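Fold and contact review
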Amino acid sequence: TTATPTWAAAGSTTNTLTASALTADTWFRALVTNGACKDFTLPVKITVSKSAKAGVTTSAASVCSGGDITFTSAAYTGTSIKWQVSTTSTTTGFSDISGATTASYNMTGVNYTPLSKFYVRSVVTSGSCTSAFSAVKTITVNPLSVAGTVKGGGTICSGSNGTLSVAGNTGTIQWQSSANGTDFVN
């Protein structure tokens, strides 16, 4: 279905018309008169693209080295979106992430060793309008946890103290206990 054009009443009588401050698609034509004779040019349409709006990037604030993290851009406005990453700072060094061109992007196998942080943003475009950049999201890359080995245990008398220790671990320890060896609590 073709929409019926609405004609802009520009009132210009020169060979050139500057259609300024357009906020909606608008059709234009020229009426050319010579004495009592008149003729119209074929109409042309100026399509107005809405300004790009980057929206808000959501994701976890950290990821385990080698793990996966999903970035989502909420409430963006535009015709295309892409994701960029920087390993140097929140303001420089950004490059496009290959294949990351949807509102939600799952980055798999994150490994920015030996870095502990990286930075992500979305770039939204709308036609030929200026691109909009989301706020930069800082992601901390945590080294993998290593459980290590528990030493101690064995048999003790009821009411006595048992001493346990962990060796060879990486990360913060939270001891847990279980009466049945299956259901553990902190």
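Keep in mind it's a predicted model, so treat the numbers as computed, not measured. (Residues numbered from 1 in each chain as written. Predicted model: local features only at pLDDT ≥ 70, side-chain atom pairs only at ≥ 80, totals over all residues. Heavy atoms only, no water.)

Some details on the overall build of the protein
A count of helical and extended segments in the protein gives zero helices and 15 strands. Relative to its length of 186 residues, the protein is extended, with a C-alpha radius of gyration of 31 Å against a globular reference of 16 Å. Reported as C-alpha extents along the three principal axes, the dimensions of the protein are approximately 115 × 35 × 20 Å. Here the protein, with 186 residues, has 20% of them falling under the buried criterion. Carbon and sulfur atoms make up 53% of the accessible area of the protein, which totals about 12,800 Å². Charge separation in the protein, taken as the distance between the mean sites of 10 positive and 5 negative side-chain charges, equals 8 Å. (Helix = DSSP H or I, 4+ residues; strand = E, 2+ residues; numbered from the N terminus. Rg over C-alpha atoms; globule rule 2.2 N^0.38 Å. Buried < 20%, exposed > 50% of the residue type's maximum accessible area, 1.4 Å probe, protein only. Areas by Shrake-Rupley, 256 points an atom, 1.4 Å probe, with all protein chains shown as cover. Lys, Arg positive; Asp, Glu negative; His and termini not counted. Charge placed at Lys NZ, Arg CZ, Asp CG, Glu CD.)

Focus: the pattern of salt bridges
Applying the stated criterion to the full structure yields two salt bridges. A salt bridge links D96 to K82; its shortest N-O distance comes to 3.3 Å. With D96 in strand β9 (residues 95-96) and K82 in strand β8 (residues 80-86), the pair connects residues that are 14 residues apart, well separated along the chain. You can call D96 partly exposed: its relative accessible area is 44%. (Salt bridge = Lys/Arg side-chain N within 4 Å of Asp/Glu carboxyl O.)

Some words on the packing of aromatic side chains
Tallying each qualifying case throughout the model produces one aromatic pair. When the centroid spacing of 5.9 Å and the interplanar angle of 35 degrees are considered together, the rings of F71 and W83 count as tilted. Taken together, the residues span a long stretch of sequence, with F71 in strand β7 (residues 69-74) and W83 in strand β8 at a distance of 12 residues. Across the pair, W83 and F71 agree in class, each one buried. Its end group placed over the ring of F94, R121 keeps NZ or CZ at 4.0 Å from the ring centre. (Phe/Tyr/Trp six-rings, centres within 6.5 Å; stacked < 30°, edge-to-face > 60°. Lys NZ or Arg CZ within 6 Å of the ring centre and 35° of its normal.)

Some words on the pairing of β7
Side chains I69, F71 and S73 of β7 all project onto a buried face; the interleaved residues T70, T72 and A74 project onto a face where none is buried. Summarising the sheet, strand β5 (residues 56-58) and β7 pair through three bridges and their orientation is antiparallel. Each bridged residue has a counterpart across the sheet, and for T58 the counterpart in β7 is T72. As judged from the four bridges shared by β7 and strand β10 (residues 104-107), these two strands associate in the antiparallel manner. Of the residues in β10, the one forming a bridge with F71 is Y105. (Pairing = 2+ DSSP bridges.)

Brief notes about the environment of T26
Inspection of the secondary structure puts T26 in strand β1 (residues 26-28). T26 sits 21 residues away from T47 along the chain, and the two C-alpha atoms are 6.7 Å apart. Here A24 takes part through its backbone oxygen, which lies 2.9 Å from a polar atom of the side chain of T26. (Polar contact = N/O pair within 3.5 Å; in protein donor to acceptor, adjacent residues only side chain to side chain.)

What about the pairing of strand β13 (residues 137-142)?
Pairing between strand β6 (residues 62-64) and β13: three bridges, direction parallel. Bridge pairing in β13 links C64 to N142. Direction of pairing for strand β11 (residues 117-125) relative to β13: antiparallel, over a ladder of four bridges. Bridge pairing links F118 to I139 in β13.

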